[in-house]
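Remarks on the overall topology
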Amino acid sequence: MNYRMIIRLLSVSLRIVAAFMLPALLLSLSNGENASAWAFAITIALMFLLSTITCICKPRKTSLYMREGFVVVAVAWIVLSVPGALPFFFSRCIPSFVDCLFETISGFTTTGASILNDVEALPMGMLYWRSFTHWLGGMGVLVFLLAVSTISGNANDALFIMRAESPGPQVSKLVPRTMQTARLLYTIYIGMTILQTVLMLFGGMSLFDAVTTAFGTAGTGGFGIRNDSLASYSPYIQWVVTIFMALFGVNFGIYYLFLMRSFKRAFRDEELRFYFSVILASILIITLNILPQFDGHPEDAIRHAAFQVVSIITTTGFSTANFDLWPQLCRTLLLLLMIIGACASSTGGGMKCSRVLILLKSLRVENDKLLHPHMVKPVRMDGKPVGEDTLHGVYAFLMAYCVISLASVLLISLDELSFETNLSAVLACLNNIGPGLHLVGPMGNYSMFSDGSKLLLSLDMLIGRLEIFPIFMLLMPHIWKRARDYRA
Amino acid sequence: MKIVVIGDGKVGFTLTRALSQEGHDLVVIDNQKNALTIAEDRLDVLVMEGNGASASVQKEAGVDTSDLLIAVTSADETNLVCCMVARKLGCKHTIARIRNPEYNEAQYLLRDELGLSMTVNPERIAAREIFGLLQLPSFLRRDAYAKGRAEIVGIPVRTGGKLDGIALVELYKTLKVRVLVCAVKRGSKVIIPDGSFVLKGEDHIYVTAPTGDLLTLVKVMGLDRVKIRSVMIVGGSRIAYYLAQMLSEAGIQVKLLESNMARCETLSAMLPDAMVVNADGTFFPTLLAEGLEETDAMVTLTNLDEMNLVISMYANHLHVPKVVTKINRTEYGEILDDSGAECVISPRQLVCNDILRYVRAMQNRSGAGVVALHRMVDDQVEAMEFRANSESWYCGVPLHDISLKPNVLVAVISHHGNVIVPRGADSFAEGDSVVIVTTTERRFDDLNDIFAEPPQGTKGV
């Protein structure tokens with residue numbers, strides 16, 4: 001294990017986060033929010049100080065391997081959450097440190113689960129930072145690092161970091177170089193965020209609202225800046241957000257294909273088709289189901305159904321209506337959509353459409369094999385056979401996913417809340433959505449959980465964002481040992 | 001530049017690594033997933049599984065927008081089809097590996113018909129390299145420049161020999177012959193030396209000299225002098241075939257050991273002048289029985305690097321005057337020195353150099369492109385030949401008035417076929433061949449790149 005190299009990477013990522021905190025500081029200063037400004041200033045100073053100190057440690061070898069890639073990503077996400085939480089703590093906006101940490105991890109992992117009863121009471125600087133954590137976490141701090149600097153002598157080591165931080169069963173590069181791929185991803189990401197902001201400004205939104213909402217949408221996060229999330233905005237804005245949520249849930253590789261003008265290949269992508277089919281079918285079912293509640297306003301029913309479906313499947317977690325009051329079919333369907341999640345290589349969470357699709361297809365193949373034991377038939381995606389190792393990866397992921405969900409539900413049941421609350425809270429955190437059902441529904445929040453449960457749910461969010469294995473790695477004792485000890 | 005490599009075997013991988021390190025964007029296509037996984041994990045490149053000869057796979061890899069396609073699959077025919085398809089898709093430059101001797105005879109014809117930019121034959125290149133070494137066995141390696149008129153040769157410094165303990169400034173006094181030491185390998189390190197540098201035993205020095213003076217060099221440097229009259233080759237690979245042919249033509253006796261009977265029959269049919277022996281060359285008593293102790297040179301060409309190394313060590317042990325070892329894995333570099341295998345040939349490395357030269361020439365702006373390129377000392381040092389033209393800076397300016405980038409050495413200037421090892425007062429003129437030596441940390445693709453600054457009155461490029 002190349003500890004020095006890991007420390008150096010962490011040190012650089014600290015500096016990046018510190019730099020990204022500067023706009024929040026300036027915003028606080030210009031609004032005369034002195035307490036927040038101080039909190040940001042102290043945090044930034046601390047981060048720069050720590051980064052400078054750790055910078056002294058010069059790595060002897062700059063090479064990284066798969067395990068360093070996993071470890072640096074997992075450790076970075078945990079370590080960076082602490083300075084991210086400090087502004088809330090120093091400014092006394094959120095008194096309890098565990099709450100601050102929960103809120104920040106929820107931000108970085110683009111979950112959007114909040115412990116705040118009154119969001120509107122936060123100063124603007126804090127609201128900005130809270131939403132910005134979504135944007136940064138959506139594509140990943142380390143991927144940003146890869147885009148802006150060469151981290152090691154061997155350019156390819158970057159791939160291990162990218163693989164560990166980016167979601168999906170098969171992480172592939174768009175262009176031959178990892179650095180260029182990271183740049184391309186961020187270019188698309190920034191471009192779409194700006195486009196959405198502009199479109200919302202046309203709808204009469206204030207600049208601050210538009211920017212923070214765009215951050216929440218781009219990262220598929222879901223922190224709103226109002227207590228009712230997006231319910232009080234105009235239908236135009238709600239439609240814009242719906243469309244952009246859906247777009248940010250699409251595999252970014254598709255956008256690269258668009259840029260390359262290979263539209264045919266983009267539209268033939270099976271995951272994309274599956275994703276939009278699920279969205280359209282769910283909207284149809286829910287619209288029909290809630291139509292009686294919106295007596296005489298079918299367009300409202302469609303808008304609310306579409307918004308909620310897209311918000312949940314992309315694991316954003318914005319809401320325009322309290323879907324907890326909807327019929328049981330809708331609530332259950334939304335819970336299932338939470339598990340499916342967005343596409344691979346998007347900013348969304350969940351199990352990812354491609355994994356669900358691979359699982360469904362292999363179920364069919366296995367079934368056929370029972371009837372014809374000697375049949376040779378691979379599971380295909382986009383017409384190409386899916387490799388054995390990818391399949392095993394997906395199975396292992398499903399298993400780990402179930403174990404973690406159930407164990408978490410078991411542990412937080414100590415808090416004596418309803419089963420529905422517990423299950424949906426775990427699913428909403430593990431899949432990085434935010435709102436669940438019942439007490440943690442769109443109009444509720446996570447403040448009634450005990451500190452222990454909050455920490456557990458925070459861990460679930462990290463596990464969900466990094467797709468389980470990087471965090472699991474940290475728990476393996478041998479990963480910390482030298483190769484020599486491992487052999488013995 | 002965007003480059004597509006088809007075939008991720010030994011040559012493909014080495015090539016991909018070298019080109020990727022040069023800063024090009026690489027896409028690698030192969031139909032073996034295992035090979036690709038290694039490339040994907042180790043190199044910063046994009047990999048694709050599929051048949052590289054299929055137009056749809058090539059389109060997906062973006063061959064139509066690529067600058068160069070290199071086909072190095074194991075089958076010559078596939079390579080040809082790959083290049084034809086790529087050409088039709090709009091790729092301007094194509095390089096194919098053609099190694100079947102039967103195709104090789106017609107390769108110039110094929111090149112024109114199929115629109116190939118270049119064909120490479122690693123085995124043939126390797127054989128020629130070995131042949132060169134056997135002609136002048138005092139040298140560890142020979143790289144030719146200026147149409148073969150100048151060479152950079154590797155020379156071992158023997159402990160207690162004539163060169164041991166001599167500073168480079170005193171070299172002329174000692175040898176009475178003007179040579180330029182352009183690189184020194186000491187241990188695993190490589191140094192581009194200045195005049196105060198003192199040579200030590202076990203060093204390998206790389207010296208530039210006009211080809212005609214090489215024999216004088218051997219004499220004055222007090223190197224071991226042998227004339228190779230008989231060569232024993234172990235392993236009947238393609239390289240062995242080419243090498244045996246070249247040696248026989250030069251009137252050198254060849255004994256070729258190959259353990260496969262069928263291969264022996266083919267070889268003896270193709271090589272009427274060589275003695276082909278059906279025997280296991282890895283079995284030492286057989287080697288002795290076939291006269292290893294009396295032979296002038298031993299060349300190990302089996303498919304196994306380890307086997308080649310062991311046979312070479314045995315030959316060294318028996319004091320065979322010249323031993324040449326074929327090693328595919330260049331990663332072995334460090335331990336090779338310890339094993340005593342001084343003279344090592346790596347076919348894929350040689351091919352790599354040729355293709356790198358081609359790629360750099362493609363990128364060249366002013367037309368003063370790379371004419372020849374050789375990498376030495378585990379790829380840490382590079383010697384390049386450029387042709388100066390009207391765009392080149394500092395034509396006619398004495399070298400001591402030009403400031404070069406650090407670690408750059410002008411090693412040879414060839415003026416109208418007249419090779420000089422330059423001193424400070426010398427200069428190059430338009431149309432001259434200029435050989436420079438530098439470390440591989442930097443990459444030059446134009447003669448003007450070597451200067452620290454453009455001359456006054458010229459705009460920087």
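Conventions adopted
- Residues numbered from 1 in each chain as written.
- Chains lettered and ligands numbered in written order.
- Predicted model: local features only at pLDDT ≥ 70, side-chain atom pairs only at ≥ 80, totals over all residues.
- Heavy atoms only, no water.
- Contact = heavy atoms within 4.5 Å.
- Salt bridge = Lys/Arg side-chain N within 4 Å of Asp/Glu carboxyl O.
- Helix = DSSP H or I, 4+ residues; strand = E, 2+ residues; numbered from the N terminus.
- Nonpolar A, V, L, I, M, F, W, Y, C, P; charged D, E, K, R; others polar.
- Pairing = 2+ DSSP bridges.
- Axes fitted to C-alpha atoms, helices over the stretch in contact; angles between N-to-C directions.
- Domains from an automatic or database assignment.
- Buried area = accessible area lost by both parts, 1.4 Å probe.
- Polar contact = N/O pair within 3.5 Å; in protein donor to acceptor, adjacent residues only side chain to side chain.
- Buried < 20%, exposed > 50% of the residue type's maximum accessible area, 1.4 Å probe, protein only.
- Phe/Tyr/Trp six-rings, centres within 6.5 Å; stacked < 30°, edge-to-face > 60°.
- Lys NZ or Arg CZ within 6 Å of the ring centre and 35° of its normal.
- Parallel < 35°, antiparallel > 145°, perpendicular 65-115°, else oblique.
- Left-handed = near helix turned anticlockwise from the far one by under 90°.
- Expected span 1.5 Å × (residues − 1).

**Some details on the interface of chain B and chain A**
- Listed by partner, the interface residues are 15 residues for chain B and 17 residues for chain A.
- Our count for the contact surface shared by chain B and chain A stands at six salt bridges.
- Salt-bridge contacts for Glu40(B) lead to Arg163(A); the nearest nitrogen and oxygen are separated by 3.6 Å.
- When residues of the side of chain B that touches chain A are traced back to their parent elements, those giving at least two are strand S2 (25–30) and helix H2 (33–42) of chain B.
- At four residues, the largest contribution of residues to the side of chain B that touches chain A is made by H2(B).
- Taken together, the residues of the side of chain B that touches chain A break down into five nonpolar, three polar and seven charged.

**Side note on the sheet that holds strand S6 (residues 118–120) of chain B**
Residue and element names in this part refer to chain B.
- Spatially, the six strands line up as an open sheet ordered S3-S2-S1-S4-S5-S6, and their pairing is parallel. On the outer flanks of this sheet lie strand S3 (46–49) and S6, each paired with one strand and no other. Direction aside, neighbouring strands of the sheet carry axes that sit 15° apart on average.
- Each of strand S1 (2–6), strand S4 (68–71), strand S5 (93–97) and S6 is contacted by helix H15 (residues 347–363), which is oriented at about 165° to S6, the strand it contacts most.

**A few points about the domain arrangement of chain B**
Residue and element names in this part refer to chain B.
- As far as domains go, chain B holds domain 1 (2–120), domain 2 (126–221), domain 3 (234–320) and domain 4 (350–450).
- Contact residues are listed per partner, giving 24 residues for domain 2 and 25 residues for domain 4.
- Between domain 2 and domain 4, the buried area comes to about 2,200 Å², and carbon and sulfur atoms account for 72% of it.
- Scanning the region where domain 2 abuts domain 4 turns up zero salt bridges.
- Seen at the junction of domain 2 and domain 4, the total is three residue pairs in polar contact (both at pLDDT 80 or more).
- Every element with two or more residues in the side of domain 2 that touches domain 4 is listed here: helix H7 (122–135), strand S7 (141–145), strand S8 (150–156), strand S9 (180–186) and strand S11 (204–210).
- In terms of residue count, the dominant contributor to the side of domain 2 that touches domain 4 is S9 (five residues).

**Some words on the side chain of Ser91(A)**
Residue and element names in this part refer to chain A.
- Mapped onto the elements, serine 91 comes out in the loop between helix H3 (66–90) and helix H4 (97–108).
- Judged by relative accessible area, which is 10%, serine 91 ranks as buried.
- If near-sequence neighbours (up to four positions away) are discounted, serine 91 is found in contact with Ala35, Ser36, Ala39 and Met126.

**Notes on the pattern of salt bridges**
- Evaluated as defined, the whole model comprises 25 salt bridges over all chains.
- In this structure, the salt-bridge partner of Lys173(A) is Asp44(B), at a minimum N-O distance of 2.9 Å. In this pair, Lys173(A) sits in the loop between helix H7 (157–165) and helix H8 (178–202) while Asp44(B) sits in the loop between H2 and S3, so the two residues belong to two different chains. Exposure class is identical for Lys173(A) and Asp44(B). Each is buried.
- Here Glu151(B) ties to Arg142(B) by a salt bridge, and the two come within 2.8 Å at their closest N and O atoms. Across this residue pair, the class does not change: Glu151(B) and Arg142(B) are buried.

**Points about the packing of aromatic side chains**
Residues and elements named next belong to chain A.
- Inspection of the entire model under this criterion finds 32 aromatic pairs over all chains.
- Centroid distance phenylalanine 132 to phenylalanine 215: 5.2 Å. Interplanar angle 80°. Geometry classified as edge-to-face. A residue pair is termed long-range when its members are at least 10 positions apart, and phenylalanine 132 in helix H5 (residues 124–139) and phenylalanine 215 in helix H9 (residues 207–218) qualify at 83 residues. The same class applies to phenylalanine 132 as to phenylalanine 215, namely buried.
- Ring geometry for tyrosine 186 against tyrosine 189: centres 5.8 Å apart, planes inclined by 80°, an arrangement best described as edge-to-face. Taken together, the residues tyrosine 186 and tyrosine 189, both in helix H8 and three residues apart, mark about one turn of the helix.
- Exposure remark for tyrosine 189: the relative accessible area of 0% places this residue in the buried category.
- The ring of phenylalanine 89 carries the charged tip of arginine 92 above its face, separated from the ring centre by 5.4 Å.
- Just above the ring of phenylalanine 223 sits the side chain of arginine 130; from NZ or CZ to the centre is 3.9 Å.

**What about the packing of H5(A) against H9(A)?**
All names here are of chain A.
- Across the interface, H5 lies against H9 with an axial gap of 7 Å and an inter-helix angle of 30°. Relative to H9, H5 is oriented roughly parallel. In this structure, H5 meets H9 at a crossing whose hand is left-handed. Counted together, Met124, Leu127, Tyr128, Ser131, Phe132, His134 and Trp135 of H5 and Phe208, Val211, Thr212, Phe215, Gly216 and Ala218 of H9 form the full contact between these two elements.

**Some details on helix H1 (residues 10–21) of chain B**
Residue and element names in this part refer to chain B.
- With 12 residues, H1 ought to run about 16 Å at 1.5 Å a step, and its terminal C-alpha atoms sit 17 Å apart, in line with that.
- Here H1 lies mainly inside the structure; nine of its 12 residues are buried.
- Within H1, burial applies to Val11, Gly12, Phe13, Thr14, Leu15, Thr16, Ala18, Leu19 and Ser20.
- Contact partners of the buried residues in H1: S1, S2, H2, S4, S5 and H15.

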